[in-house]
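One letter stands for each residue in the lines below.
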Amino acid sequence: MKQIICMKWGAVYSADYVNRLYNMVARHTTPPFTFYCLTDQPEGIRPEVVIRPCPTADIPRPMCWGGWRKVSLWAPEVVGLSGECLFLDLDIIITGSMDEFFTYRSDSDYVVMRNYTTPTRRIGNTSVFRFRIGSHPYVLERLLANPFEMRKLYSNSQTFVSNTIKNMDFWPDGWIKQFKVHCLHPWPLRLFLQPRHFKDAKIVVCTGNPTPEELAAGKWDAPWYKKIYKTLPPVRWVQDAWR
């Protein structure tokens, strides 16, 4: 069984992001599959999505409101889930078949996207990763034992996970692109050229801004003094894919 999970907590992303992610998965994944959303706000999420509560852990504020909350997925148990799961962030754009994310064989039970903003370091970007529920509980245990010290040592949760987990593998290069690394043209070409579209890529990841919503509209949320280079036209291939 193909199992896909996402997480939605707080008000950063609306239910529309969950619904669009489900739509993209459904268009690009051979059934059967089950799509879970771990959330504390299920209102507005389409009925085909299976709702489960967000896993809880004693991660102190403000860490628990950021990406560190995803570390709770490494608990020994996650309510209503078992076996192998593919985790997807809400701010991704699916552009190709997802089937190989489930059939790809690896010596590791943790397969993650390479963080292309730090290509010389062995860091996984946790926007897209496959793992087994209940595996590697020491990851969460290490964080909870001294969360503020971990926050000092590691700039973000994905760096912490990459330096803590004992066996990690990356998805093949080319399957996933980071929008600002691979698709965005340098200034001033980005002002009028369409961002690059890689037809063989399966997923494009948006880290921060611009979000998929901003890309489709040709907007980029940034301070006024950065608008001169944080500007781009409406992205036609995002309009077609992110729906």
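Below is a short write-up of the structure. Source: prediction; values computed, not measured.

## Some remarks on the packing of aromatic side chains
Here is step 1: Following the criterion strictly, the structure yields 19 aromatic pairs and no others.
Here is step 2: Residues Tyr 22 and Phe 35 carry aromatic rings whose centres are separated by 5.5 Å and whose planes lie at 85° to one another, so their mutual orientation is edge-to-face. In this pair, Tyr 22 sits in helix H1 (residues 15–28) while Phe 35 sits in strand S2 (residues 33–39), placing the two residues 13 residues apart along the sequence.
Here is step 3: By relative accessible area, which is 12% here, Tyr 22 ends up buried.
Here is step 4: Following the ring pairs from residue to residue traces out a cluster consisting of Trp 74, Phe 87, Tyr 110, Phe 129 and Phe 131.
Here is step 5: Taking NZ or CZ as reference, Lys 177 lies 4.5 Å from the ring centre of Phe 198, over its face.
Here is step 6: Over the ring of Trp 175 we find Lys 202, and its NZ or CZ is 5.1 Å from the ring centre.

## Considerations on helix H3 (residues 138–145)
Here is step 1: Every buried residue of H3 is listed here: Val 139, Leu 140 and Leu 143. Along the long axis of H3, the arc covered by the buried residues comes to 90°, so they all point the same way.
Here is step 2: Those residues of H3 that are buried are in contact with helix H4 (147–153) and helix H5 (157–164).

## Notes on the sheet that holds strand S3 (residues 50–52)
Here is step 1: An order of S3-S2-S1-S4-S7-S6-S8 is seen for the seven strands of this open sheet, with the pairing classed as mixed. Strands with a single pairing partner mark the edges of an open sheet, and in this sheet they are S3 and strand S8 (169–170).
Here is step 2: For strand S1 (residues 2–8) and strand S4 (residues 84–88), the ladder comprises two bridges, and the chain directions are parallel. Bridge assignment links Ile 5 to a residue of S4, and that residue is Phe 87.
Here is step 3: Here H1 sits on the sheet and contacts S1, S2 and S4; the angle it forms with S2, its principal contact strand, is near 165°.

## Some thoughts on the pairing of S2
Here is step 1: A large share of S2 lies buried, amounting to seven of its seven residues.
Here is step 2: The two faces of S2 match: Phe 33, Phe 35, Cys 37 and Thr 39 on one face and Thr 34, Tyr 36 and Leu 38 on the other face are all buried.
Here is step 3: Where S1 meets S2, seven bridges bridge the pair, whose relative direction is parallel. Note on S2: the bridge partner recorded for Gln 3 is Thr 34.
Here is step 4: A crossover connection joins S1 to the parallel S2 through H1; in handedness this β-α-β unit is right-handed.
Here is step 5: Judged from the three bridges that link them, S2 and S3 form a sheet pairing that is parallel. Bridge pairing links Leu 38 to Arg 52 in S3.

So, how was this worked out
Residues numbered from 1 in each chain as written. Predicted model: local features only at pLDDT ≥ 70, side-chain atom pairs only at ≥ 80, totals over all residues. Heavy atoms only, no water. Phe/Tyr/Trp six-rings, centres within 6.5 Å; stacked < 30°, edge-to-face > 60°. Helix = DSSP H or I, 4+ residues; strand = E, 2+ residues; numbered from the N terminus. Buried < 20%, exposed > 50% of the residue type's maximum accessible area, 1.4 Å probe, protein only. Lys NZ or Arg CZ within 6 Å of the ring centre and 35° of its normal. Arc of directions from axis to C-beta. Contact = heavy atoms within 4.5 Å. Pairing = 2+ DSSP bridges. Axes fitted to C-alpha atoms, helices over the stretch in contact; angles between N-to-C directions. Right-handed = clockwise from strand over helix to strand, strands pointing away.

Function-wise, these values are silent; they only describe arrangement.
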